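Summary of the model geometry
So the chains spell out like this:
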Amino acid sequence: MTSTLKADLELFNQLVEVLLNEEATKPVAERIKAEELYNTLDLSLNESPMLDQAYKEVLRDVLIATPKTATNLFFNQLFGGRQGKAILGDLLAVLLNNSMYTYKVAGPQVGIEQEIIRKSCDLVGYGAGSNGTFPTGGSMSNYMALMMARDKYDLSIRTNGVMKRLTVYTSKESHYSNAKNASFSGIGRANVRYIDSDHYGRMIPSKLEAQIKTDIADGCTPIYVNSTAGTTVLGAFDPIEDLADICEKYKLWLHVDGAYCGAVIFSEKNRHLLKGMERSNSFSFNAHKMLGTPLTCSIILVKDKTDLSNSFSNDAEYLYQTDGDDFNLGKTSFQCGRRNDALKFWTLWKAVGSTGLKNIVDHQFDLADVARAYIRNNSDYKLYSFDDSISVCFNYKGIDANKLCTALYEEQVTVVGFGAFGDDEFVRFVTINANNSPEDILNFFKVMEDFVDKHPELLA
Ligand SMILES: *Cc1c(COP(=O)(O)O)cnc(C)c1O
């Protein structure tokens, strides 16, 4: 067994070489048309085992053909790049293969997860009664927040189900998981109120309050506000302080969805964007976005840890047999068996310190400044996004953004997405990859401009 594992890990190292070389020479993977996928790669599963050499070759082919998210020409998603120390931690987590529900099975990994949660709660400004957990992602964090809001309003809902018409609030620019979560929780998609955003993409507090008043007058019961720290398109930050005033007045749960940009808690320079966050009831961020850990590494922090256990703890005698609730993290998680997502974040944080995390975050804002300055100084561009954001939204020579991004992808030039705000549609370029330098950012523009020069039909 050990010798096969060693051989497998040797093969792993060979494949790492292949992948890194490939990325260096070809930062954008050759695209296989979806309809040709099964004819191009041998993905079939068969009765007989595959011989060593053929096995290696198929693994190599799959690696080479897979979209490369860590290179300096990938800007399509709200993650990118690689933090080596985090990869190290994640590989170790795979090797250890613990499950995070009990101290008996996870041992020191419990302390590692709790230390991250403790330090992060301190940065948000939550007190000693706070805690948190690592859900599967930002969508699940939003879901857990909504469940806690529902149960905080009325604990008996856990037993009896939702009997009243409850309403929840978020901005038009918030993440789409809010709608799904309303459906899962028994609140209903029709009872999500999407509040208008201002010119900068931030939820308008006066519109929120007006909607709450209307709903109360209509016999509804408002329970929850989901605010966003880094909206998916513009990267805007809702005004948490003003929203907290309203939530306190009407006794609503306030969640800060910082999946995209909540990691600005690590930056003294940018933390002002989250002013008032300590007044929220829960706060989430994805370390796999701004901090560059491998997917997924999502954290939800809860100001009052009783709310977490009220909604998520369940007795299970077969499982919780030793060590007490504070060390049995399954008492406050959604899942039963749970992957160790904490170790990769801890190996990174331990290696670079909080100062290193601050630098990662600040660097992304600096790169966004570089991109915005380039756009502002070039009359072929129009800028649609704003300062204090790592999403840079623009149009180039009036070219339809959908057409341009699709052509860049299909021709394997660079991978970047498009988005819309109000009536405008534009390229959404994100500076989330902290491995990039200012030169990489300028290179993106050059690569895109050269492509357009060669494809005048795009201008038509
Ligand atoms: C990415 C994102 C999410 C979803 O997070 P997942 O980990 O992909 O589920 C939720 N909210 C915001 C604001 C996001 O940017």
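Everything here concerns the structure above.
Definitions and limits used
- Residues numbered from 1 in each chain as written.
- Predicted model: local features only at pLDDT ≥ 70, side-chain atom pairs only at ≥ 80, totals over all residues.
- Heavy atoms only, no water.
- Helix = DSSP H or I, 4+ residues; strand = E, 2+ residues; numbered from the N terminus.
- Rg over C-alpha atoms; globule rule 2.2 N^0.38 Å.
- Buried < 20%, exposed > 50% of the residue type's maximum accessible area, 1.4 Å probe, protein only.
- Contact = heavy atoms within 4.5 Å.
- Areas by Shrake-Rupley, 256 points an atom, 1.4 Å probe, with all protein chains shown as cover.
- Lys, Arg positive; Asp, Glu negative; His and termini not counted.
- Charge placed at Lys NZ, Arg CZ, Asp CG, Glu CD.
- Axes fitted to C-alpha atoms, helices over the stretch in contact; angles between N-to-C directions.
- Parallel < 35°, antiparallel > 145°, perpendicular 65-115°, else oblique.
- Left-handed = near helix turned anticlockwise from the far one by under 90°.
- Nonpolar A, V, L, I, M, F, W, Y, C, P; charged D, E, K, R; others polar.
- Pairing = 2+ DSSP bridges.
- Salt bridge = Lys/Arg side-chain N within 4 Å of Asp/Glu carboxyl O.
- Patch = residues over 30% accessible without salt bridge, like charges linked within 9 Å, V, L, I, M, F, W, Y side chains within 5 Å.
- Core = buried A, V, L, I, M, F, W, Y, C linked by side-chain atoms within 4.5 Å.
- Phe/Tyr/Trp six-rings, centres within 6.5 Å; stacked < 30°, edge-to-face > 60°.
- Right-handed = clockwise from strand over helix to strand, strands pointing away.

1. As for the overall build of the protein
- Each helix and strand in the protein was counted, giving 15 helices and twelve strands.
- Relative to the 2.2 N^0.38 estimate, which gives 23 Å for 460 residues, the radius of gyration of the protein is 24 Å and therefore close to what a compact globule would have.
- Dimensions of the protein along its principal axes, counting C-alpha atoms only, are 65 × 60 × 45 Å.
- The buried share among the 460 residues of the protein stands at 51%.
- Long-range contacts, defined here as pairs at least 24 residues apart, represent 72% of the contacts in the protein between residues at least 6 apart.
- When the accessible surface of the protein is split by element, carbon and sulfur atoms take 52% of a total near 21500 Å².
- Distance from the positive charge centre (47 side chains) to the negative charge centre (59 side chains) of the protein: 4 Å.

2. Some words on the environment of glycine 132
- Considering the arrangement of structural elements, one finds glycine 132 in strand β2 (residues 131–133).
- Residues glycine 132 and isoleucine 116 lie 16 residues apart in sequence; the distance between their C-alpha atoms is 9.6 Å.
- Once residues lying within four places of it in the same chain are set aside, the contact partners of glycine 132 are Gln114, Ile117, Ile300, Leu301, Val302 and Leu308.

3. Some points on the packing of helix α10 (residues 205–217) against helix α11 (residues 240–250)
- The N-to-C vectors of α10 and α11 enclose an angle of 20°; their axes lie 9 Å apart at closest approach. On the basis of their axis angle, the class for α10 and α11 is roughly parallel. With respect to the hand of their crossing, α10 and α11 are arranged in right-handed fashion. Contact with α10, carried on its side by Pro205, Leu208, Glu209, Ile212, Lys213 and Ile216, involves Asp242, Leu243, Ile246, Lys249 and Tyr250 of α11 and no other residues of that element.
- A breakdown of the residues in the contact of α10 with α11 according to their chemical character gives seven nonpolar, no polar and four charged.

4. Overview of the sheet that holds strand β3 (residues 166–171)
- In space, the seven strands of this open sheet follow the order β2-β8-β7-β6-β5-β3-β4, with mixed pairing throughout. The sheet is open, and its two edges are formed by β2 and β4 (192–195), each paired on a single side. In this sheet, adjacent strand axes meet at a mean angle of 20° when their direction is disregarded.
- Where β2 lies against strand β8 (residues 298–302), three bridges are found, and the strand directions are antiparallel. Across the sheet, glycine 132 pairs through a bridge with leucine 301, a residue of β8.
- Running over the sheet, helix α6 (residues 108–124) touches β2, β7 (282–286) and β8 and is turned about 125° from β2.

5. Observations concerning the pattern of salt bridges
- Taken as a whole, this structure holds 27 salt bridges when the rule is applied.
- The partner of arginine 202 in a salt bridge is aspartate 198, with the nearest N and O atoms 3.0 Å apart.
- In this structure arginine 202 comes out as partly exposed when scored by relative accessible area, which is 33%.
- Notably, a salt bridge pairs aspartate 366 with lysine 269, separated by 3.7 Å at the nearest N-O pair. Of this pair, aspartate 366 sits in helix α13 (residues 342–376) while lysine 269 sits in the loop between β6 (253–258) and β7, and the two are 97 residues apart along the sequence.
- Via salt bridges that share partners, Glu241, Asp245, Glu248, Lys275 and Arg279 belong to a single interconnected network.

6. Let's talk about a nonpolar patch on the surface
- Residues Leu5, Leu9, Phe12, Leu88, Leu91, Leu92, Leu95 and Leu96 make up a contiguous nonpolar surface patch of roughly 690 Å² in combined accessible area.
- Where the nonpolar patch is concerned, the elements lending two or more residues are α1 (2–25) and α4 (84–96).
- Looking at which element gives the most residues to the nonpolar patch, the answer is α4, with five residues.
- Here leucine 92 shows up in helix α4.

7. Some points on the nonpolar core
- Within the largest apolar cluster, 57 residues are counted, with the highest numbers of intra-cluster contacts made by Phe283, Phe285, Leu291 and Phe345.
- Only α4, α6, α10, α11, β6, β7, β8 and α13 provide two or more residues apiece to this core.
- No other element matches α13, which puts nine residues into this core.
- One finds Leu367, Ala368, Cys405 and Val415 within the second-largest nonpolar core, a separate group that totals 31 residues.

8. Describing the packing of aromatic side chains
- By the definition in use, this model includes 25 aromatic pairs.
- Taking 5.9 Å as the distance between ring centres and 70° as the angle between the ring planes, the aromatic pair formed by tyrosine 143 and phenylalanine 334 counts as edge-to-face. Taken together, the positions of tyrosine 143 in helix α7 (residues 138–153) and phenylalanine 334 in the loop between α12 (305–312) and α13 put the pair 191 residues apart, joining distant regions of the chain.
- Judged by relative accessible area, which is 12%, tyrosine 143 ranks as buried.
- Residue phenylalanine 334 is classed as partly exposed on the basis of its relative accessible area of 42%.
- Ring plane angle 70° and centroid distance 6.5 Å describe the contact between phenylalanine 394 and phenylalanine 444, whose orientation is recorded as edge-to-face. In this pair, phenylalanine 394 sits in strand β10 (residues 391–396) while phenylalanine 444 sits in helix α15 (residues 438–454), placing the two residues 50 residues apart along the sequence.

9. Considerations on the pairing of β4
- One ladder, built from four bridges, connects β3 with β4; its direction is parallel. In the strand pairing of β4, tyrosine 169 is matched with arginine 193.
- The handedness of the β3 to β4 crossover, carried by helix α9 (residues 177–184), is right-handed.

Take it as geometry only, folks, not as evidence of what the structure does.
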